[in-house]
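Residue strings, one per chain:
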Amino acid sequence: DASQKIDYHRFSKKTAARQRHVDRQVKNRKRQQRKREGTSKDEWMDIRDDEGVEASKKLYPAIELLRDPQGLAEAVLRRLKTPKSIPYKIKLLMMNFVTRLVGNHELLLLNLYPFLQKYMGGHQ
């Protein structure tokens, strides 16, 4: 919806007031994202009561607009599995992206789960 969209004023005159307005919108969006990702309930939840997927779809609209999410997820996972020297932080970002794709589009990547099991331990 229009109230959630951030207007960066790309094609209008840049002023200090507009920049403050954009910064405030970005700060509020980040706060909403942290609030959604940080809240976890210890009690059992019914899957019908879970609004996390819908909230993340609203929060990351670009992921919804991908033409071939399955192919992209497989390509990124394939690049992750190659023994190239990718920095650990970049690997984590790529894994985060692939898992968001799988969650938003409800994809089936069977080789993702054994790959993620290597990183579940506390050794890194």
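1. Some points on the nonpolar core
Point 1. Leu 77, Leu 80, Val 98, Val 102, Leu 109, Leu 112 and Phe 115 are the most contacted members of the largest nonpolar core, which totals 16 residues.
Point 2. Listing elements by their share of this core, those giving two or more residues are helix 4 (69–81), helix 5 (88–105) and helix 6 (112–117).
Point 3. By residue number, the principal contributor to this core is helix 5, which donates five residues.
Point 4. Filtering out sequence-adjacent residues up to four positions away, Leu 77 remains in contact with Val 98, Leu 109, Asn 111, Leu 112 and Phe 115.

2. Overview of the side chain of Lys 91
Point 1. Assignment of secondary structure puts Lys 91 in helix 5.
Point 2. Buried and unpaired, Lys 91 has Glu 74 as its nearest opposite-charge partner, separated by 20 Å.
Point 3. Apart from the residues within four sequence positions on either side, Lys 91 is in contact with Leu 80, Ile 86 and Tyr 119.

3. Thoughts on the packing of helix 4 against helix 5
Point 1. Closest axis-to-axis distance for the helix 4/helix 5 pair is 10 Å, and the angle between their directions is 155°. Relative to helix 5, the element helix 4 lies roughly antiparallel. For the element pair helix 4 and helix 5, the recorded crossing hand is left-handed. Contacts between helix 4 and helix 5 involve Pro 69, Leu 72, Ala 73, Val 76, Leu 77, Arg 79 and Leu 80 on the former and, on the latter, Lys 91, Met 94, Met 95, Phe 97, Val 98, Leu 101 and His 105.
Point 2. Partitioning the contact of helix 4 with helix 5 into residue classes produces eleven nonpolar, one polar and two charged.

Parameters at a glance
- Residues numbered from 1 in each chain as written.
- Predicted model: local features only at pLDDT ≥ 70, side-chain atom pairs only at ≥ 80, totals over all residues.
- Heavy atoms only, no water.
- Core = buried A, V, L, I, M, F, W, Y, C linked by side-chain atoms within 4.5 Å.
- Buried < 20%, exposed > 50% of the residue type's maximum accessible area, 1.4 Å probe, protein only.
- Helix = DSSP H or I, 4+ residues; strand = E, 2+ residues; numbered from the N terminus.
- Contact = heavy atoms within 4.5 Å.
- Lys, Arg positive; Asp, Glu negative; His and termini not counted.
- Salt bridge = Lys/Arg side-chain N within 4 Å of Asp/Glu carboxyl O.
- Axes fitted to C-alpha atoms, helices over the stretch in contact; angles between N-to-C directions.
- Parallel < 35°, antiparallel > 145°, perpendicular 65-115°, else oblique.
- Left-handed = near helix turned anticlockwise from the far one by under 90°.
- Nonpolar A, V, L, I, M, F, W, Y, C, P; charged D, E, K, R; others polar.

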